[in-house]
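Examination of the molecular architecture
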Amino acid sequence: MNDHTHFLAELRRRGAVEIRRVVFRHNRTRLLSISKDRVTLNAHACFLSAPPEVLDAVARFVTADPRTAAHRRAVAALRAWPGVEAGLSAARAERPARSPARAAESSGSPEQRSFLRELYARLNASRFGGRLPGELPIRVSHRMARRLGQVRFAGESVSGRAAGAARGGAAPGPGAAAPAAGERRIQEIALSADLFLEGNDRELLDTMLHEMSHVEAFLLHGHRGHGAIWRTVARRVECEARACTRKRVRRRPRGTRAPGRVPANLL
Ligand SMILES: [Zn+2]
C-alpha cells in the first residue's frame, strides 16, 4: 500500500467514506479543501506524515458540518499540529512570493478577485436592481494609505472613501462638467487590500456598496462626489451614506504583506 492509498484508507476507516481520492499539494497557505462533488480531498502534502490524532482531525474536517463546533475544533487541532507550519514554510521556500514591487502592483489574489466579481454581481442584482454594468474591472489596491476604496471614472476624476473623519473623498474640481449619459463610463473600482483583513468583513461589504453607489450616481445622473444624489443611492442600498466611515477599520502595519484571505460569509 503506498502513502496515498494508506492515507485514504485511514480517512475512510475514520468515517470519511464519501472521499474516493486524495490529491496532495504543496500549497503555500491552503491545507484542505473538498471538491464540489465531495469525492476528492485536496490535502497539503504535510499530512502524509500526520500522526493518528491529526488524521482524526482531518476526518472530522471532512465529515463534520462546517457550521458546527466539531468542525471548528477539527480546524483548530489541524492548525495546532507543528507539521502544518513546517509544511507551509517548506512550500513557501520552494515557491517564494513575488517581489514586493510585483506584489504592490498586483490586484489581489485570484480568490479575492473572483470573490469581488461575485460580490459585485450579487449586489448589483439584490440592491441595485441590475442598474449597473454587468461587469466592471475591480482591483485590490495594496497602496491605499488612508482610503478604503475609490471609483475611477473614465477621464481623470476619482471619488474616494476615506477611513476616519480626517479626510473626505476627492470631489471633482469646481466647474467640472458632467459628460452626457451616453459617454459616461467607469474605468474601475479599487478597494484597499486592508478590507480583507480579519475583522473588516462588514466594512468590505459597506465599501463595495459605497463605491457601487458612485457608479450608479455617475452613470445614471452624471453625479460625482458625495452630494445629495449619491446619498440617496447610498441610503437606498443601505450603506453608510457618508464620505468617511465612522467605523473602526483595521489596517495592516506598514511594510507587512497584504492579506490573501476572502471572507467566508459576507452575503
Ligand atoms: Zn465616496
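The rules we used
- Per chain, residues are indexed from 1 in the order of the written sequence.
- This being a predicted model, a pLDDT of at least 70 is required before a residue's local features are given, and a value of 80 or more before pairs of side-chain atoms are given or counted; all residues contribute to the totals for chains, interfaces and linings.
- No hydrogens and no water enter the side-chain calculation; it runs on all heavy atoms of the structure.
- The predictor's confidence in any single residue is recorded as pLDDT, a number from 0 to 100.
- Elements are defined by DSSP. Helices are runs of H or I of four residues or more, strands are runs of E of two residues or more, and each kind is numbered from the N terminus.
- By definition, residues are in contact when any of their heavy atoms lie within 4.5 Å.
- What counts as a salt bridge is simple: a side-chain nitrogen of Lys or Arg found within 4 Å of a carboxyl oxygen of Asp or Glu.
- Three exposure classes are used, based on accessible area relative to the maximum for each residue type with a 1.4 Å probe and protein chains only: buried under 20%, partly exposed in between, and exposed over 50%.

Within the chain, residue pLDDT values average 83, and 84% of them lie at 70 or more. Mean pLDDT per element in the chain: helix H5 (residues 100-105) is the minimum at 46, and helix H8 (residues 228-236) is the maximum at 97. Contacts of residues 165-176 to residues separated by more than four positions or lying in other chains number 17 contacts, the stretch itself having pLDDT below 50.

Further remarks concern the pattern of salt bridges. Two side chains with opposite charge may pair up if their charged atoms get near one another. Scanning the entire structure with this criterion turns up 13 salt bridges. Among the ionic pairs, Glu 10 bridges to Arg 14, the shortest N-O distance being 2.7 Å. Its relative accessible area of 15% is what places Glu 10 among the buried residues. Under the relative-accessibility criterion, Arg 14 is labelled partly exposed at 24%. Here Glu 188 and Arg 139 are joined by a salt bridge, their closest N and O atoms 2.9 Å apart. A residue pair is termed long-range when its members are at least 10 positions apart, and Glu 188 in strand S7 (residues 186-192) and Arg 139 in strand S4 (residues 138-141) qualify at 49 residues. Given the relative accessible area of 13%, Glu 188 is considered buried. Beyond isolated ion pairs, a larger network of salt bridges with shared partners links Glu 10, Arg 13, Arg 14 and Asp 56.

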